[in-house]
Amino acid sequence: MGPSLARRARLPGTAVRSAAVSAATSPETPPETSLVPPDDAVAPVRHPEAPAPGTPLGAHYDHCFGCGQALPHGLHLQAHAGEGVSVTAEFTVKPQHQGAPGLAHGGVLTSALDETLGSLNWLMHSIAVTGRLETDFLLPVPVDTVLHLDARCTAVHGRKIYSDAVGRIGGPKGPIAVRAKAVFIEVKVEHFIDNGRKEEIEAAMEDPDQVRRARAFEVNP
Ligand SMILES: CCCCCCCCCCCCCCCC(=O)SCCNC(=O)CCNC(=O)[C@H](O)C(C)(C)COP(=O)(O)OP(=O)(O)OC[C@H]1O[C@@H](n2cnc3c(N)ncnc32)[C@H](O)[C@@H]1OP(=O)(O)O
């Protein structure tokens, strides 16, 4: 048997090379927003009608890849309200989530973090989309593993919502396998109506519960 890929001698000319990277930005590439809240950011406020700690949050949209139940290949992530502006969630890695043999794909793990972080916004009755999300992958996550996610909102600045999350394996107190920091940007319902594909938007607008919930969240006390 030949040496493993990791131990195989590097072929001539295959060393990783790096090129100078320009930090310049243009109107098409606005500067990155820092994941650290500015000094005048304020503490997040839990909405008075947010579900009690321990309550399952349910899916915000049945066809959501993260939390929807209608997609057989989705993550089927189940989030629960926590104390303050925090949530916990669980996601079981399935064979359809593999990257390397028997291991979760990193993008799928990032999706689980994104979904968990996104569900924090519901506790503030805020509709928001991910603006920036940065993930650290600390341990490989095998298929069949339950990822125990824990997320909290740390600060709010204007429409920007800052939050972070960790995902543990081997139990809710197990080692951290993944962690992320994110900035979500608050939007109006029109963000979805104006940008979503027509057939899905029309179907969503025919669902009175979906529209009522989204519109109610636009009027914060
Ligand atoms: C009937 C229908 C029912 C609908 C029912 C709804 C269901 C509820 C679904 C929820 C769904 C969640 C699902 C999971 C979470 C996703 O995965 S969301 C999907 C992934 N994310 C996206 O698609 C977002 C794509 N980006 C955009 O649409 C736009 O760039 C944004 C984010 C809306 C911002 O655009 P904008 O409103 O023009 O923002 P702008 O005024 O330029 O900036 C506002 C502030 O945000 C900052 N900012 C802007 N963009 C960014 C960025 N990318 N990164 C960091 N900071 C940024 C700016 O610097 C600015 O900061 P300040 O100057 O105020 O300090």
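- The name given to the chain in an unreviewed UniProt entry is Acyl-coenzyme A thioesterase THEM4, with the source organism recorded as Streptomyces cacaoi.
- As recorded by UniProt, the Sequence similarities (unreviewed entry) comment attached to the chain reads in full: "Belongs to the THEM4/THEM5 thioesterase family."

A word on the pattern of salt bridges
Part 1: In the structure shown here, the tally under the stated rule is eight salt bridges.
Part 2: Between Arg179 and Asp136 there is a salt bridge; the shortest N-O distance is 2.8 Å. Taken together, the residues Arg179 in strand β6 (residues 176-186) and Asp136 in strand β3 (residues 128-137) connect sequence positions 43 residues apart.
Part 3: On the accessibility criterion, Arg179 (40% relative accessible area) is partly exposed.

Section: the environment of Thr55
Part 1: Within the secondary structure layout, Thr55 lies in the segment before β1 (78-81).
Part 2: Of the residues examined, Thr55 reaches a relative accessible area of 28% and is grouped as partly exposed.
Part 3: With 24 residues separating them along the chain, Thr55 and Ala79 place their C-alpha atoms 8.6 Å apart.
Part 4: Those residues within four positions of Thr55 in sequence are excluded, and the remaining contacts are Ala79, His80 and Ala81.

With respect to the site of the ligand
Part 1: Neighbouring the ligand are 16 residues, the closest being Thr33, Asp114, Thr130, Arg159 and Lys160.
Part 2: At 3.1 Å, a backbone N or O of Gly131 approaches a nitrogen atom of the ligand.
Part 3: One of the side-chain nitrogen or oxygen atoms of Arg159 is found 2.6 Å away from an oxygen atom of the ligand.
Part 4: Protein contact buries 59% of the 1,300 Å² of open area that the ligand shows by itself.
Part 5: Listing elements by their share of the shell around the ligand, those giving two or more residues are α1 (106-123), β3 and α2 (190-195).
Part 6: A per-element tally of the shell around the ligand places β3 first, with four residues.
Part 7: Of the residues assigned to the shell around the ligand, the class counts are six nonpolar, six polar and four charged.

Describing the UniProt feature "domain: Thioesterase" (unreviewed entry) in the chain
Part 1: This chain's UniProt record puts "domain: Thioesterase" (unreviewed entry) on residues 102-162.
Part 2: The span residues 102-162 is 30% helix and 41% strand, and its two end C-alpha atoms sit 33 Å from each other.

Parameters and conventions
Residues numbered from 1 in each chain as written. Predicted model: local features only at pLDDT ≥ 70, side-chain atom pairs only at ≥ 80, totals over all residues. Heavy atoms only, no water. UniProt positions renumbered as here; feature names shortened; annotations may be inferred. Salt bridge = Lys/Arg side-chain N within 4 Å of Asp/Glu carboxyl O. Helix = DSSP H or I, 4+ residues; strand = E, 2+ residues; numbered from the N terminus. Buried < 20%, exposed > 50% of the residue type's maximum accessible area, 1.4 Å probe, protein only. Contact = heavy atoms within 4.5 Å. Near = heavy atom within 4 Å. Polar contact = N/O pair within 3.5 Å; in protein donor to acceptor, adjacent residues only side chain to side chain. Areas by Shrake-Rupley, 256 points an atom, 1.4 Å probe, with all protein chains shown as cover. Nonpolar A, V, L, I, M, F, W, Y, C, P; charged D, E, K, R; others polar.

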